[in-house]
Amino acid sequence: NGGLNDARNLRVKLVLLGDSGVGKSCIVLRFVRGQFDPTSKVTVGASFLSQTIALQDSTTVKFEIWDTAGQERYAALAPLYYRGAAVAVVVYDITSPETFNKAQFWVKELQKHGSPDIVMALVGNKADLHEKREVPFQDGVDFAEKNGMFFIETSAKTADNINQLFEELAKRLPRPSP
Ligand code: GDP
Ligand code: MG
């Protein structure tokens, strides 16, 4: 495969999960294209976007990013979507406790049905809306810690912590032996 999955170059499937409206598509577009479009209702769609990250140790990770086209409403379809994913990014909106509850549901689902060595991140998005915050930072920290996940708050709008999120995920991937 052109050396894509040797010890220095990984290619992995990444899925995003979380309620509709939490900013999954915006996170992807910010990461892949460096853009934020507040009016865009567009979801990346059936095909995926990919983006490669180079780490300090000169290894590279190519993320093949699957964004849902609104299927987040149909929990029954989710297993098809996250099958084979090496990375799952579970997103909520820090202004919405309902979306935080839903994120916890997705984490439990992934623990039950995802690949056993899946790398998961819990992401509190829309951190720029701190005046409307309803989910305390510490609640995210605590839930992630209990579930062995990486936690970060991001803003797709300001780009805050978006690259850091993907970099940290890349670092946490299990490496094939050389
Ligand atoms: P998805 O349904 O999870 O894919 O959510 P979208 O990416 O479509 O975003 C839903 C809405 O939230 C859009 O109106 C975005 O402009 C807005 N949004 C996304 N990320 C942020 C963010 O970090 N900050 C703010 N203020 N708004 C955001
Ligand atoms: Mg979307």
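Refer to the structure presented above.
As the structure is a prediction and not an experimental result, all values here were calculated from the model. (Residues numbered from 1 in each chain as written. Chains lettered and ligands numbered in written order. Predicted model: local features only at pLDDT ≥ 70, side-chain atom pairs only at ≥ 80, totals over all residues.)

**Q** An account of the site of ligand 1 is needed here, citing residue identities and associated values.
**A** Near ligand 1, the surroundings consist of 16 residues, among which Gly-23, Lys-24, Ser-25, Cys-26 and Lys-157 are the closest. For the shell around ligand 1, the leading source of residues is helix H1 (residues 24–33), giving three residues. Residues that form the shell around ligand 1 fall into these classes: five nonpolar, seven polar and four charged. (Near = placed C-beta within 6 Å. Helix = DSSP H or I, 4+ residues; strand = E, 2+ residues; numbered from the N terminus. Nonpolar A, V, L, I, M, F, W, Y, C, P; charged D, E, K, R; others polar.)

**Q** How would you sum up the nonpolar core? Please name residues and give values.
**A** In summary, soluble globular proteins display a tendency toward joint burial of nonpolar side chains. In terms of nonpolar packing, the biggest core is built from 47 residues, with Leu-14, Val-87, Ala-88, Val-89, Val-90, Val-91 and Ala-121 touching the most fellow members. Elements with a contribution of two residues or more to this core: strand S1 (9–17), H1, strand S3 (60–66), strand S4 (87–93), helix H3 (97–113), strand S5 (119–125) and helix H5 (162–172). Not counting chain neighbours up to four residues away, the residues in contact with Val-91 comprise Leu-16, Gly-18, Val-22, Gly-23, Lys-24, Ile-27, Ala-103, Val-123 and Asn-125. (Core = buried A, V, L, I, M, F, W, Y, C linked by C-beta atoms within 7 Å. Buried ≥ 20, exposed ≤ 12 C-beta atoms within 10 Å, placed from the backbone. Contact = placed C-beta atoms within 7 Å.)

**Q** Describe the sheet that holds S5, and please don't skip the residues or the numbers.
**A** With mixed pairing, the six strands of this open sheet are ordered in space as S2-S3-S1-S4-S5-S6. Edge strands, defined here as strands with exactly one partner in the open sheet, are strand S2 (49–54) and strand S6 (150–153). Here the average twist between neighbouring strands, direction ignored, is 25°. Direction of pairing for S5 relative to S6: parallel, over a ladder of four bridges. (Pairing = 2+ DSSP bridges. Axes fitted to C-alpha atoms, helices over the stretch in contact; angles between N-to-C directions.)

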